[in-house]
Each structure stands twice: as structure tokens, then as C-alpha cells.
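Overview (structure and organization)
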Amino acid sequence: DFALFHAKQTGRGRVELYAPEHEDQIRRTAIVEQSLKSADLEEELHLVFQPVVDARNLQLIGFEVLVRWRSSHLGDVMPGEFIPVAERCGTIHAITRVVLRRALSEMQNWPEGLRLKVNLSIYDLSSSSQMLALLTIIERSGVSGQQLTFEITESAFSDQLDIILSALNMLRAIGSSIAIDDFGTGYSSLSSLHHFRPDLIKIDRSFVVRVSDPYDGRDMIKTIIQMCRNLGARSLAEGVENETQCRVLSDLGCDELQGYWLSRPVSAEKAREFAHAGVVKAEPQALGQSS
Ligand code: C2E
Ligand code: MG
Ligand code: MG
Ligand code: MG
């Protein structure tokens, strides 16, 4: 993909095919790639942790770790921008290793029983040497694989299905759970369920924002939650931004909730405080009792 962009960018005459804002985009991507390749990842990457709660009582279940990059050249770059670039230029493997190693080390500061959710790239799963490296990191950390959930985005799998499935089986073999991230946004939602048999389905934010729409929004999410149950998977709603969404999702039997209304992603220090408190919001009464 990137190679093609680059060839077009430098190839004389062809650059005229692009609107100016598209050219800026290409230039920005090239700069991000260069900065990423020369970055001191140990120094420039940071982790934040977003709480995940039980939908029935808002008790803390664990955290999803999300990476942040403070580039010495570019300043803060969000993962939505640099992860796709890292996947194209191969830096993703090193990034995943740093994130996993540090997050596992941070987990040692939490009380027993809290789970960690880690995003994996399809490029991690399709590399056997990377999988070996990740399994080694887990083993050396002393954290039980049972406390870990690995999130994969459904859109990106394709011709390497067998390899990806065997990588997922390695993670299952150490007791870890598999989650489908951003469910409903890919082109292959249903076939991904069939292939991956996830333990958890993370329902995309785009469904959650429509949850209080009584016509299609509420029915849609209700159907998805029911489907998760039929498949024997837990359901998690992503991007819960207000109390109404929280209440409706809880009433519909969604298992886990995550979103700004509960908590934004927080520093490791703040996550420790949440971990010891066992809750993220000081709510006087549990949701289920209010309706
Ligand atoms: P994701 O895994 O689906 O993560 C959820 C994203 O939604 C996060 O953005 C989070 O900050 C944001 N979010 C959470 N609650 C809310 C909410 O209530 N409202 C809104 N509007 N947004 C909310 P972030 O941290 O920018 O990450 C974006 C994506 O980058 C992630 O989506 C994931 O695909 C990728 N990513 C992040 N960290 C990593 C990582 O360590 N490894 C890999 N491979 N990908 C990562
Ligand atoms: Mg995720
Ligand atoms: Mg997601
Ligand atoms: Mg996402």
C-alpha cells in the first residue's frame, strides 16, 4: 500500500492526480513512518489503561491497555494514526512487545483477579517468531495467561486464516481469552465469529451511540447481545459516553462496559488507584436497582 503511494508520489506527472489535501496526507504518512523507524520506542512509548466494568454493578473487571507515542520529532501521535503505519513498516512487532511487557509488569501492582486486555495486530498473529516472543514475555512475567484477553480487529484477516487461527490457539492454550474488537464495523463480522469463536465480543461504539434510539438502535444492540449469548461469548459495549447508554445496555443484559462516561484511559498510577478501589465511579446505587 505504502510503496504504491510512494511510487505515485515521486513518479513524475502522477502526483497531479491527487488533491492537495491527499498529498499532505501522503507526506504526513511518510514523516510518521520515518519518525517511527528512528524512534527510541522504550523512551517514546507510554501506556494508558482504560477501565472495563461489570455492567450489572459497575465493579471493575480490569483494564484495556492503549499505547501512546510521544515522538521526539512530531509530538503526540495517536495510535489510530501510527499503528497502521507501524503495520506497514514492520515496527508493529516491537511496539506490541513493549506494550505487552510493560503492561504485564504494571499488572503486578494490581490486586489479584483483575484482567488485562491487550490489542494485537493481525501482523503479530501471522508471525510465528513474534508469537514465540509474546509467549515468552508472558511466561517470564509470571502473570497467568488466564488473566489476559487479546483483542483482534476483525477487518484485517484474509489469506492467512490458518496461521492466524493457530496463533489464537497458542493463546488459548495458555488460558487466555480472545476478543473481537470493534464488532460490526468490518466487512466480515459474521464469518469472523465463525472462524475465531471469540470468548468476548466488543460491540463497536457506532452501535452504542444509537442505543437510546427506540426504533432501530435499541433493537440492533439487543439483537447483537442476544447473538453473543447464543454463541457463548460475553458481550462488551465500547464507547459508553452517558448514563442513559449505560442503563440501557445494563438492562439489555450486556456483560461488560467501557467508555468515557465510566472513565477515560488513565495513567498507570491512576489505574492502580482504581484497581485498589475496585470501582471507577462513586455511584450511590448500582444501575440495576434504579429502574
Ligand atoms: P480500540 O482497541 O477499539 O480502542 C478503543 C479506542 O476508543 C481508544 O482510542 C479509546 O481511547 C477510545 N474510547 C474509549 N472510550 C471511548 C468513548 O467513550 N468515546 C470515544 N469517542 N472514544 C472512546 P485510542 O487509544 O486512540 O486507540 C485507537 C485504536 O488504536 C484502538 O482501538 C486500537 O485499534 C489501536 N491501538 C491502541 N493501542 C494499541 C496497541 O497497543 N496495539 C495495537 N495493535 N493497537 C492499538
Ligand atoms: Mg481494543
Ligand atoms: Mg474497539
Ligand atoms: Mg478501534
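A short tour of the structure in this document, coming up. Keep in mind that this is a model prediction, so the values were computed, not measured.

**Thoughts on the pairing of strand E2 (residues 60–71)**
- Judged by how many residues are buried, E2 sits mostly within the fold: ten of twelve residues are covered.
- In this structure, strand E1 (residues 45–54) lies alongside E2, joined through nine bridges in antiparallel fashion. Note on E2: the bridge partner recorded for Val53 is Leu60.
- Summarising the sheet, E2 and strand E4 (residues 115–119) pair through four bridges and their orientation is parallel. Across the sheet, the residue bridging to Gly62 is Arg115, located in E4.
- In this structure, E2 lies alongside strand E3 (residues 75–77), joined through three bridges in antiparallel fashion. Note that in E3 the partner of Arg70 across the bridge is Asp76.
- Counting the residues that bridge the hairpin from E2 to E3 gives three residues.

**Observations regarding the coordination of the magnesium ion (ligand 2)**
- In the first shell of the magnesium ion (ligand 2), the protein supplies Glu64 (OE), Asn119 (OD1), Glu151 (OE) and Asp181 (OD), at 2.0 to 2.2 Å from the metal.
- In primary sequence terms, the donor set of the magnesium ion (ligand 2) follows E-x54-N-x31-E-x29-D.
- Overall, the relative accessible area of 5% leaves Asp181 in the buried class.

**Description of helix H4 (residues 79–89)**
- Among the residues of H4, Pro79, Phe82, Val85 and Ala86 are the ones counted as buried. For H4, the angular spread of buried residues about the axis comes to 145 degrees, placing them on one side.
- Of the residues flanking the end of H4, it is Gly90, one or two places downstream, whose phi is positive at about 90 degrees.

**Here we look at the coordination of the magnesium ion (ligand 3)**
- All of the protein donors around the magnesium ion (ligand 3) are Asp181 (OD), Asp182 (OD), Glu238 (OE) and Glu238 (OE); their distances to the metal are 1.9 to 2.6 Å.
- Donor residues binding the magnesium ion (ligand 3) come from one chain and are separated in sequence as D-D-x55-E.

**Examining the packing of aromatic side chains**
- Inspection of the entire model under this criterion finds four aromatic pairs.
- A centroid spacing of 5.4 Å and a plane angle of 75 degrees characterise the contact between Trp69 and Phe82, whose relative ring orientation is edge-to-face. Placement of Trp69 in strand E2 and of Phe82 in helix H4 is noted, with a sequence separation of 13 residues between them. Taken as a pair, Trp69 and Phe82 share a single burial class, namely buried.
- A network of ring pairs unites the aromatic residues Phe49, Phe63 and Trp110 as a single cluster.
- Above the face of the Phe274 ring, Lys270 is positioned so that its terminal group lies 5.1 Å from the ring centre.

Rules behind the numbers
Residues numbered from 1 in each chain as written. Chains lettered and ligands numbered in written order. Predicted model: local features only at pLDDT ≥ 70, side-chain atom pairs only at ≥ 80, totals over all residues. Heavy atoms only, no water. Buried < 20%, exposed > 50% of the residue type's maximum accessible area, 1.4 Å probe, protein only. Helix = DSSP H or I, 4+ residues; strand = E, 2+ residues; numbered from the N terminus. Pairing = 2+ DSSP bridges. Donors = N, O, S within 2.8 Å, 3.2 Å for Na, K, Ca; no water. Arc of directions from axis to C-beta. Phe/Tyr/Trp six-rings, centres within 6.5 Å; stacked < 30°, edge-to-face > 60°. Lys NZ or Arg CZ within 6 Å of the ring centre and 35° of its normal.

Treat this as a map of the structure, not an account of what it does.
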